[in-house]
Amino acid sequence: MILLDSTHFNDIRHAIRSRSVAWDALARSAEISEPDASNAKWIESMLVKHANEPGFQIESNFKIDATTIDPLIHLLQTSTNADSKKAVQNLLAEMLSSSDYNDQLIRFFVENPDRVNGLFEVSLQGDRQTVLISAFNLVSLLIQPTLQNESLVEQLVNNDNFLQILTDLDLKDTCYVCVRLLQELVALPVYRPIAWQAQQKYLPTLFAVVGQALNSNSATKVVATNSNNLGIQLQYYSLLVIWLLTFEPKFAHELTVQYLPSFLNLLKLVKVTIKEKISRLCISIILQCVSPQVKNHKHVIRSLLLLGNALSVLQSLSERKYSDDELRNDMSTLKDILDQQYQELTSFDEYLAELDSKLLCWSPSHVDNGFWSENVDKFRSNHWKLFKQLIDLLIEAKEQGINDKKHKTILEVALSDITHVVDLLPESVDVLGELKGKVVIMELLNHPDSRVKYEALKATQAVIGYTFK
């Protein structure tokens with residue numbers, strides 16, 4: 001049984017319970033068949049309307065079997081009335097939430113697995129409330145050991161109606177319910193590969209939950225990250241989904257490749273939150289991604305060191321008096337891993353970490369002439385692989401057309417680096433021309449930002465200087 005701690009979800013179900021459905025009238029108007037209406041009305045009277053009356057007892061002939069459940073599914077398949085469908089989905093949710101009927105209903109579906117498919121076909125439809133309740137019903141069944149169905153889970157995590165609610169952070173109450181249901185699914189190893197295949201549809205939203213806590217101003221950040229409210233719970237279960245997925249080393253590797261900036265934000269979240277359960281999950285995710293079992297885990301460690309400033313962050317966090325022994329031990333373990341790798345780092349490692357992450361900044365290597373004289377030949381190696389990567393980054397940043405500070409800095413630094421390479425390896429101009437880099441540099445001469453324009457001018461002068469040599 002899923003114990004959802006969502007007040008909003010409980011309020012939705014309470015409102016449906018308290019709203020009377022005119023079953024007889026719907027049967028007379030042929031919106032529902034008379035047998036289906038009678039069955040739904042009878043079950044409603046047993047489970048909802050009279051259940052809380054003093055001395056009320058469920059009729060002895062009330063059983064959860066084909067005679068009661070099949071008409072409910074048939075009603076969902078045939079009814080043209082949205083309220084009746086919502087009410088029936090809620091009746092199924094009543095049974096799944098009840099200690100008296102949960103086992104019986106699950107046993108019925110175990111003995112009749114085709115009914116699960118039938119229920120799925122008429123679920124995840126209608127308004128948000130109906131989609132949420134039907135998703136709750138499906139997940140409640142699909143997490144049962146004897147009802148696991150990878151095909152149905154694949155359809156669920158790719159369902160547009162479900163994803164629309166899950167990814168709508170403007171309506172956190174309903175988003176939270178879907179995140180909780182997703183977490184219940186990925187808690188089972190068998191469903192993780194299925195969920196990961198669909199990760200591009202929801203993982204940006206889970207990381208956006210982390211980003212919202214970091215992007216709020218200092219006056220509201222404490223409220224957003226430290227209050228025991230829906231925001232904290234949404235953070236926690238979003239992180240829990242990510243943590244469960246990273247138990248698989250292949251997914252941990254792909255996560256750090258596709259979402260490196262968001263991954264690095266996990267350390268920032270640890271800095272601003274005082275909720276130990278949030279910190280514990282963030283550190284646990286990082287530890288799983290730097291495990292030796294994860295492909296290119298040393299690259300992730302270097303990114304933490306060079307782009308995430310991880311050692312100084314952990315040093316500052318070590319001064320906090322955490323009550324969670326596991327959290328303290330995990331932080332100590334992570335620091336040991338980082339310390340060991342830090343001893344092996346070079347300035348070129350730092351440069352590569354920036355280039356691979358596409359997060360160029362004005363770190364010392366970019367302005368150190370000694371760095372360029374020592375390492376410029378590496379840009380020519382392997383058929384100019386690094387230089388081509390640098391040009392591609394410049395072109396990508398220019399095509400994005402974003403004028404925020406981060407993208408302007410990427411343009412500035414990439415232009416400056418190209419200038420260094422051209423000055424020291426004049427033949428690189430041919431590579432620049434092959435990849436249309438010269439055209440982009442000329443276009444950036446008209447960029448609205450004066451610093452970008454200046455670096456484009458320097459790069460143009462270096463290219464022209466080679467041309468007329």
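Residues numbered from 1 in each chain as written. Predicted model: local features only at pLDDT ≥ 70, side-chain atom pairs only at ≥ 80, totals over all residues. Heavy atoms only, no water.

(A) Structural detail: the overall build of the chain. Each helix and strand in the chain was counted, giving 29 helices and zero strands. Its C-alpha atoms give the chain principal-axis dimensions of roughly 95 × 50 × 40 Å. Here the chain holds 469 residues, and the buried ones make up 52% of them. The long-range share in the chain, meaning contacts at least 24 apart out of those at least 6 apart in sequence, stands at 74%. Total accessible area computed for the chain in this model is approximately 21,500 Å², and 49% of it derives from carbon and sulfur atoms. For the chain, the distance from the average position of its 45 positive side-chain charges to the average position of its 57 negative side-chain charges is 4 Å. (Helix = DSSP H or I, 4+ residues; strand = E, 2+ residues; numbered from the N terminus. Buried < 20%, exposed > 50% of the residue type's maximum accessible area, 1.4 Å probe, protein only. Contact = heavy atoms within 4.5 Å. Areas by Shrake-Rupley, 256 points an atom, 1.4 Å probe, with all protein chains shown as cover. Lys, Arg positive; Asp, Glu negative; His and termini not counted. Charge placed at Lys NZ, Arg CZ, Asp CG, Glu CD.)

(B) Here's a closer look at the nonpolar core. Counting residues in each nonpolar core, the largest one holds 126 residues, and the members touching the most others are Phe109, Tyr202, Phe263 and Leu304. Excluding anything up to four places from it in sequence, Phe263 contacts Phe207, Leu255, Thr256, Ile285, Ile286, Cys289, Val300 and Leu304. Of all hydrophobic cores here, the second largest spans 37 residues; its members include Ile395, Leu411, Leu415 and Ile441. (Core = buried A, V, L, I, M, F, W, Y, C linked by side-chain atoms within 4.5 Å.)

(C) Geometry of the side chain of Asp324. Checked against the element boundaries, Asp324 lands in the loop between helix 20 (310-317) and helix 21 (325-342). Taking relative accessible area as the criterion, Asp324 reaches 15% and is therefore assigned buried. Among the polar contacts made by the side chain of Asp324, one reaches the main-chain amide nitrogen of Leu327 at a distance of 3.0 Å. Residues contacting Asp324, with those up to four places away along its chain left out, are Glu276 and Arg280. (Polar contact = N/O pair within 3.5 Å; in protein donor to acceptor, adjacent residues only side chain to side chain.)

(D) Layout of the confidence of the model for the chain. Summarising the model, the chain shows a mean pLDDT of 89, and 93% of its residues fall at 70 or more. Of the regions scoring below 50 in pLDDT, residues 217-228 engages in 26 contacts with residues more than four places distant in sequence or in other chains. (pLDDT = per-residue confidence, 0-100.)

(E) Here's a closer look at the packing of aromatic side chains. Across all of its chains, the model carries 15 aromatic pairs by this definition. With a centroid separation of 5.3 Å and 50 degrees between ring planes, the pair formed by Phe9 and Phe136 is classed as tilted. Note that Phe9 is positioned in helix 1 (residues 7-18) and Phe136 in helix 8 (residues 128-142), a separation of 127 residues in sequence. Like Phe136, Phe9 is buried. When the centroid spacing of 5.3 Å and the interplanar angle of 85 degrees are considered together, the rings of Phe371 and Trp372 count as edge-to-face. The exposure class of Trp372 is buried, given its relative accessible area of 0%. For Arg180, the ring lying beneath its charged end belongs to Tyr237, and the centroid distance is 4.3 Å. Cation over ring: Lys277 sits above Tyr236, and NZ or CZ is 4.9 Å from the ring centre. (Phe/Tyr/Trp six-rings, centres within 6.5 Å; stacked < 30°, edge-to-face > 60°. Lys NZ or Arg CZ within 6 Å of the ring centre and 35° of its normal.)

(F) Representation of helix 1 within the structure. Taking 1.5 Å per residue, twelve residues should reach 16 Å; helix 1 reaches 16 Å between its end C-alpha atoms and fits that length. Among the residues making up helix 1, those that are buried are Phe9, Ile12, Arg13 and Ile16. Buried positions in helix 1, seen along its axis, are confined to an arc of 90 degrees and lie on one side of it. In helix 1, the exposed positions that point more than 90 degrees away from the buried face belong to Thr7 and Ser18. (Expected span 1.5 Å × (residues − 1). Arc of directions from axis to C-beta.)

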